[in-house]
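Summary of structural features
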Amino acid sequence: MVCPGGILYAARRGETLADIAGRFRVRVVDLVRANPSIDSDYQPDTGEVLCIPDVADELCPVGDLYTVRRTDSMFSIARQHGISLSDLIAANPWIPDPDVIYPGEQLCIPINKHPEKPVSCPRGILYAARRGETLTSIARKFSVTVRELIRANPGIDPDRLDIGQVICIPGVADRLCPDRNLYTVRPTDSMWAIAQRHSITLSRLIAANPWIPDPELIYPGEQLCIPVRVKPPVPPRCPGGILYAVRRGETLTSIGRKFSVTVRELIRANPDIDPDRLDIGQILCI
């Protein structure tokens with residue numbers, strides 16, 4: 001739908017043209033003119049997208065308009081654009097319930113007030129503040145002082161952290177990620193995608209980043225420690241047997257069943273194996 005100078009808005013349950021006109025402070029006649037297929041007595045369906053004319057400059061003066069897609073949520077849109085959920089909600093006060101948005105309507109994406117990452121973070125790690133976290137709780141999490149955090153983030157407001165705001169945790173990289181193999185999260189990343197990209201298991205990536213409270217929630221600009229991939233040793237000898245590479249989700253039990261051998265026989269043929277943990281690609285003697 002074309003809506004020059006306006007914003008696309010999806011009618012909520014029970015809303016009339018008069019309700020929508022009042023919400024955006026426009027006249028019903030202006031709505032009818034901008035949406036030629038309706039008249040002044042029209043009752044929009046829930047989720048029906050209408051053009052609200054000539055309000056874009058007023059409602060989104062310094063941001064960009066984003067058209068909602070079918071799988072979007074406010075949270076995913078905020079994450080995709082590297083802003084906090086609270087900033088996105090505040091920039092779209094005409095959305096009555098942030099948990100309910102409709103495909104085809106538009107949201108104002110405010111300019112990110114916080115840089116994706118501080119100018120520098122020598123020997124530190126970049127971390128995104130989670131809901132409810134304070135400088136004190138973050139300092140406690142990383143075993144640093146609040147003073148050190150303030151010194152490493154000179155523009156920070158000590159009394160207010162936005163969700164997803166990236167701050168420098170100074171001097172912890174050698175302790176938390178000894179190999180210094182740090183990866184900066186991009187807007188479309190997930191823990192699973194990052195693990196795949198670096199050819200490691202998701203469980204190893206999660207274990208290497210214990211300061212991330214929820215592996216399903218990571219923010220653009222923060223950093224993850226990528227553990228060095230250690231190739232499992234190939235058994236030096238496998239007399240009368242074959243070498244087999246472990247597939248995703250396999251266990252000693254399932255492999256034993258596949259080759260009609262017992263778990264005890266597998267352990268005996270692979271004395272260095274950890275029976276409770278198999279890596280994808282690990283070579284076993286069958």
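Quick note: structure is the one above.
Being a predicted model, the structure only gives us computed values, none of them experimental. (Residues numbered from 1 in each chain as written. Predicted model: local features only at pLDDT ≥ 70, side-chain atom pairs only at ≥ 80, totals over all residues. Heavy atoms only, no water.)

**Some details on the overall build of the protein**
- Looking only at helices and strands, the protein features 12 helices and 10 strands.
- The C-alpha radius of gyration computed for the protein amounts to 27 Å, which surpasses the reference 19 Å derived for 286 residues by more than 25%, pointing to a less compact arrangement than a globule.
- The principal-axis extent of the C-alpha atoms belonging to the protein is close to 85 × 50 × 25 Å.
- Pairs at least 24 residues apart make up 68% of the contacts formed inside the protein by residues separated by at least 6 positions.
- When the accessible area of the protein is evaluated, it comes to approximately 15900 Å², of which 53% is carbon and sulfur surface.
- Across the protein, the mean location of the 34 positive side-chain charges is 11 Å away from that of the 34 negative side-chain charges. (Helix = DSSP H or I, 4+ residues; strand = E, 2+ residues; numbered from the N terminus. Rg over C-alpha atoms; globule rule 2.2 N^0.38 Å. Contact = heavy atoms within 4.5 Å. Areas by Shrake-Rupley, 256 points an atom, 1.4 Å probe, with all protein chains shown as cover. Lys, Arg positive; Asp, Glu negative; His and termini not counted. Charge placed at Lys NZ, Arg CZ, Asp CG, Glu CD.)

**Points about the state of the cysteines**
- Tallied over the entire structure, the rule returns 5 disulfides.
- Disulfide pairing places Cys3 opposite Cys51 at an S-S distance of 1.9 Å. Every disulfide takes its handedness from the sign of the S-S torsion; for Cys3 and Cys51 that torsion is 75°, giving right-handed. Residue Cys3 is located in the segment before β1 (7–10), and its partner Cys51 is located in strand β2 (residues 49–52); the two are separated by 48 residues in the primary sequence.
- Residue Cys3 is classed as buried on the basis of its relative accessible area of 12%.
- Across the disulfide, Cys238 is cross-linked to Cys285 (sulfur-sulfur distance 2.0 Å). Disulfide Cys238 to Cys285: torsion about the S-S bond roughly 85°, handedness right-handed. You can see Cys238 sitting in the loop between β8 (223–225) and β9 (243–245) and its partner Cys285 sitting in strand β10 (residues 283–285), a full 47 residues away along the chain.
- Since its relative accessible area comes to 17%, Cys238 is described here as buried.
- For the protein, the bonded cysteines pair up as 1-2, 3-4, 5-6, 7-8, 9-10 when numbered in the order they occur along the sequence. (Disulfide = S-S within 2.5 Å. Buried < 20%, exposed > 50% of the residue type's maximum accessible area, 1.4 Å probe, protein only.)

**Side note on the nonpolar core**
- Counting residues in hydrophobic clusters, the biggest one holds 30 residues, and the most contacted among them are Ile138, Phe142, Ile169, Ile194 and Trp211.
- With 4 residues, helix α6 (residues 135–142) is the single largest residue contributor to this core.
- Counting 29 residues, the second largest nonpolar core, distinct from the first, contains Leu50, Ile52, Val68 and Ile77. (Core = buried A, V, L, I, M, F, W, Y, C linked by side-chain atoms within 4.5 Å.)

**So, unusual backbone geometry**
- Of note, the phi angle at Arg123 is positive, near 55°, even though the residue is not glycine.
- Along the chain, Arg123 falls in the loop between β4 (106–109) and β5 (125–128).

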